[in-house]
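Single-letter residue listing:
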Amino acid sequence: MFFKNYKNKFIAHNKKIFQINKKKNQKKIFLIEFNRWQGVQIANSYIVNTFPGIKDAKVVAYESYKIFNEKKISILENLKWKLGTLFKIRNFGIYSSFGVNEFIYYKEDKFLHQRADDITKSFFLKNKTKKDVENFFCNKIWIGDLIYDSYLKKYSVPTLDVNSHHFKIFFKECICTFLFWEDYFKNNKIAGVAVSHVVYLNALTLRIAVKKNIPVFHCVDTQIYRVDKKNCSFKKKFNSPSFKFRNFRKTFKALKNKSNNLKMGKSFIENIIYGKKRYFYFPDQSKIKYKLNIFKKNRKKKIVIFSHAFFDSPHVYGNCIFPDFKTWLEFLGKLSLDTDYDWYIKPHPNYIDEYRIIKNFISKYPNIKYLNPKIRNLDLVNQGLDFALTVYGSCAAELSYFGIKVVNACIYNPHADYNFSFNPKSKEELRNTIINLSKKKLNLKKKDIYEFHYMNQYYFHNRYLIDNIEKYFMTKNGRQILYTDEFLGEWISNFNIKKHKKTIEMLKNYFSKNEQYLNLKNTFNYIK
């Protein structure tokens, strides 16, 4: 298959199905994040052609990824950008084909650097802690968590050396980028913003828009929702993904057909547990049925740390008890020495390349044994698992099905509104909870587990745009199909004009009702 032609075919396809109004009011601007992720590009094409605030605005696509480049942007890179915007090459052509009028990217200047330097020096007048960084505000806008996670991501480190020269340089670069966008918002009338990330520095425009009460949407191939002061709280330090979960119970109570909904939730989690189904975002994840002894044969309680992806945005839901996963792990390592449990650690199955961090950890705490990340949770349960520890992982909504006591380390975790796992609010409460797990009673109602999975997988579903999403999350040649040119070919081949019109109608209906999260109520009449 000749994937190189798919971009041109997709551009022609967009020009055919979308009516582009090139005469835009120059006074209003709708900002949309520019990227090369094909699935997100399709989602962007629909928001640009359905959001009512765009009607009289110029659509401007902005670059948000250059700060993640380890090398300085070269003259050649700048030339590529200019040629791309001028001749509408490749991804520039795609964005233009569905209604983008202009492209911009962050530009440095001496005045910007001086202002950033002043803010950086002021912040670091005294030695700072990791908590100081994640709580950092710039001009009354909370951005510390975005800086924190971006540093971990860019340099593939599990934690910060806050007062190092290296981090201070990065901190200043982040402030420069923030000030550029703050000035842009001041000097232009922004009608709305669409982002593909609510984390990392990609979300700087989002945070500024939230502060200014400008409509802003998280728009990707699996979901779309509005971000505002209600679900992105600068005061309480929680991020928009977590707010949805805290409304599960209230929303479920108002639904009809509760019995059938619970059956759907029950079927889903049981299929996950017994290996008949996988989460759509882990379609490649292979598990091994373990017949050998996993745990040591002794009378001690078996406790497993379910590790996270160390560089993958620890603040996605907001500020947790610990600022990053490595700091949480160190806390558990020290605590393990004060307990009589039999301790184990199971790495995240999709990030085994981070094994060096786990290896260093178990070298420091040899009483904690390593588990193969591909071992099934079902086998852990069958072989005597008693307790599990996570920051906000899905194991809390899986292992609790068997009555396993799971302790979270983030009050904004997806399961915090339910009682099937423990949700301590501080280090001291976390410590006491773990030490006294044998005495703690789990207020387990399986109905709550079924309810959670129904709401998460069906009501707030991931299929508003793409059917059989699992198929396209499979990896091919090291990249998920959804984010390749091959997917553009699939999209064109499977395109249905009737479904296209229904999608347009569905999204217009969603926007008109001013709802927070696109859900089954919005999509029921449009998606089978």
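Along every chain, residues carry numbers that run from 1 in the direction the sequence is written. Under the rules for a predicted model, residues below a pLDDT of 70 receive no local features and side-chain atom pairs below 80 are neither given nor counted, while totals for whole chains, interfaces and linings still include all residues. Processing note: side-chain calculations cover all non-hydrogen atoms of the structure and skip hydrogens and water entirely.

Trainee: For the overall build of the protein chain, give the residues involved together with the corresponding values.
Mentor: Across its full length, the protein chain holds 21 helices and 15 strands. In this setup the radius of gyration rests on C-alpha atoms only. A globule is expected at 2.2 Å times the number of residues raised to 0.38. Relative to the 2.2 N^0.38 estimate, which gives 24 Å for 528 residues, the radius of gyration of the protein chain is 24 Å and therefore close to what a compact globule would have. Viewed in the frame of its principal axes, the protein chain has a C-alpha envelope of about 75 × 60 × 45 Å. Buried, partly exposed and exposed residues are distinguished by accessible area as a fraction of the type maximum, computed with a 1.4 Å probe on protein chains only: under 20%, between the cut-offs, and over 50%, respectively. The proportion of buried residues among the 528 residues of the protein chain is 58%. Contact between two residues is taken to exist if any of their heavy atoms lie within 4.5 Å; hydrogens are not considered. Considering only residue pairs separated by 6 or more positions, the protein chain has 73% of its internal contacts joining residues 24 or more positions apart. Using a 1.4 Å probe, accessible areas were evaluated by the Shrake-Rupley method; residue-level cover was limited to the displayed protein chains. Just so you have it, the protein chain exposes about 24,800 Å², and 51% of that area is on carbon and sulfur atoms. Neither His nor the chain ends is counted toward charge; the positive residues are Lys and Arg and the negative residues Asp and Glu. By convention, the charge on Lys lies at NZ, on Arg at CZ, on Asp at CG and on Glu at CD. Charge separation in the protein chain, taken as the distance between the mean sites of 96 positive and 45 negative side-chain charges, equals 5 Å. The secondary structure listing takes helices from DSSP runs of H or I that are at least 4 residues long and strands from runs of E that are at least 2 residues long, numbered from the N terminus.

Trainee: Can you explain empty space enclosed by the protein? Please cite residues and give values.
Mentor: With a probe scaled to a water molecule rolled over the atoms, the places where space remains empty come into view. Every definition here rests on a 1 Å grid over the protein atoms only: cavities are sets of points where a 1.4 Å probe fits but cannot get out, pockets are open sets enclosed by protein on both sides within 12 Å along at least five of seven lines, and lining residues have some atom within 4 Å of a point. Grid points are joined across faces, edges and corners, and a volume is the space filled by probe spheres set on the points. For the structure on display, the rule yields 4 cavities of 30 Å³ or more. As for the largest cavity, its lining consists of Pro314, His315, Cys320, Phe322, Pro323, Asp324, Phe325, Trp328, Val391 and Ala409. Classifying every residue of the lining of the largest cavity gives 8 nonpolar, 1 polar and 1 charged. When residues are sorted by character, Ala, Val, Leu, Ile, Met, Phe, Trp, Tyr, Cys and Pro go into the nonpolar class, Asp, Glu, Lys and Arg into the charged class, and all the rest, Gly among them, into the polar class.

Trainee: Explain the pattern of salt bridges residue by residue, including any values.
Mentor: Salt bridges, as used here, are contacts in which a Lys or Arg side-chain nitrogen is within 4 Å of a carboxyl oxygen on Asp or Glu. Under the criterion given, the structure shown has 22 salt bridges. The partner of Asp145 in a salt bridge is Arg207, with the nearest N and O atoms 2.8 Å apart. Here Asp145, found in helix H7 (residues 144–155), pairs with Arg207, found in helix H9 (residues 204–211); they are 62 residues apart in sequence, far enough to count as distant. Across the pair, exposure class does not vary: Asp145 and Arg207 are buried alike. Close ionic contact of Lys476 with Glu486 constitutes a salt bridge, the shortest N to O distance being 3.2 Å. In this pair, Lys476 is assigned in strand E14 (residues 475–476) and Glu486 in helix H19 (residues 485–493), connecting sequence segments 10 residues apart. Judged by its relative accessible area of 38%, Lys476 is partly exposed.

Trainee: Can you tell me about the packing of aromatic side chains, naming the residues and giving the values?
Mentor: Ring pairs (aromatic) are described by centroid distance and by the angle formed between their planes. Only the six-membered ring of Trp is used, alongside the rings of Phe and Tyr, when aromatic pairs are assigned; centres must lie within 6.5 Å, and planes under 30 degrees apart are stacked while those over 60 apart are edge-to-face, with the rest tilted. Per the counting criterion, the structure on display carries 61 aromatic pairs. Residues Tyr46 and Trp491 carry aromatic rings whose centres are separated by 6.5 Å and whose planes lie at 75° to one another, so their mutual orientation is edge-to-face. Taken together, the residues Tyr46 in helix H2 (residues 38–48) and Trp491 in helix H19 connect sequence positions 445 residues apart. Pairing Phe420 with Phe452 gives two aromatic rings, centres 6.2 Å apart and planes at 75°, and the pair type is edge-to-face. Highlighted residues: Phe420 in the loop between strand E13 (405–407) and helix H16 (427–435) and Phe452 in helix H17 (residues 446–459), separated in sequence by 32 residues. Like Phe452, Phe420 is buried. Pairwise contacts between aromatic rings join Tyr225, Phe245, Phe248, Tyr317, Phe325, Tyr392, Tyr418, Phe420, Phe452, Tyr459, Phe460 and Tyr517 into one cluster.

Trainee: How would you explain the sheet that holds strand E10 (residues 342–346) if you had to name every residue and give the values?
Mentor: Between any two strands, at least two bridges found by DSSP are needed for them to pair. Within the open sheet, the 5 strands sit side by side as E11-E10-E9-E12-E13. Their pairing is parallel. One side of each edge strand has no neighbouring strand; the edge strands of this open sheet are strand E11 (368–370) and E13. The sheet shows a mean angle of 25° between the axes of neighbouring strands, taken without regard to direction. For every element, the axis is a line fit to its C-alpha atoms; helices are fit only across the contacting stretch, and the angle between N-to-C directions ranges from 0 to 180 degrees. Along the sheet, helix H13 (residues 325–336) makes contact with strand E9 (302–306), E10, E11 and strand E12 (387–389), crossing E9 at roughly 165°. Of the strands in this sheet, E9, E10, E12 and E13 touch H16, which is tilted by about 160° from E13.

Trainee: Can you lay out the packing of H7 against helix H8 (residues 165–187) for me, pointing to particular residues and giving the numbers?
Mentor: Interhelical geometry of H7 versus H8 gives an angle of 120° and a closest axis separation of 11 Å. Of the possible angle classes, the one that applies to H7 and H8 is oblique. Seen along the crossing, H7 lies across H8 with a hand that is right-handed. Contact with H7, carried on its side by Ile147, Ser150, Tyr151, Lys154 and Tyr155, involves His166, Phe167, Phe170, Phe171, Glu173, Cys174 and Ile175 of H8 and no other residues of that element. Here the residues of the contact of H7 with H8 sort into 8 nonpolar, 2 polar and 2 charged. The cut-offs work like this: below 35 degrees is roughly parallel, past 145 is roughly antiparallel, 65 to 115 is roughly perpendicular, and the gaps in between are oblique. Left-handed describes a crossing in which the near helix is turned anticlockwise from the far one by less than a right angle; the clockwise case is right-handed.

Trainee: Pulling in residues and values, what's your account of the nonpolar core?
Mentor: Put simply, buried Ala, Val, Leu, Ile, Met, Phe, Trp, Tyr and Cys residues joined by side-chain atoms within 4.5 Å make one nonpolar core. Core analysis: the largest hydrophobic core is formed by 169 residues, its most contacted members being Leu31, Ile47, Ile143, Ile147, Phe167, Ile305 and Ile434. Here the element with the most residues in this core is H8; it accounts for 12 residues. With residues near it in sequence (within four places) discarded, Ile143 still touches Phe136, Cys138, Ile175, Phe178, Leu204 and Arg207. Grouped together as the second largest cluster of nonpolar side chains are 16 residues, Phe306, Val381, Ala396 and Ile404 included.

Everything listed here is a matter of coordinates, which is why it stays silent on function.
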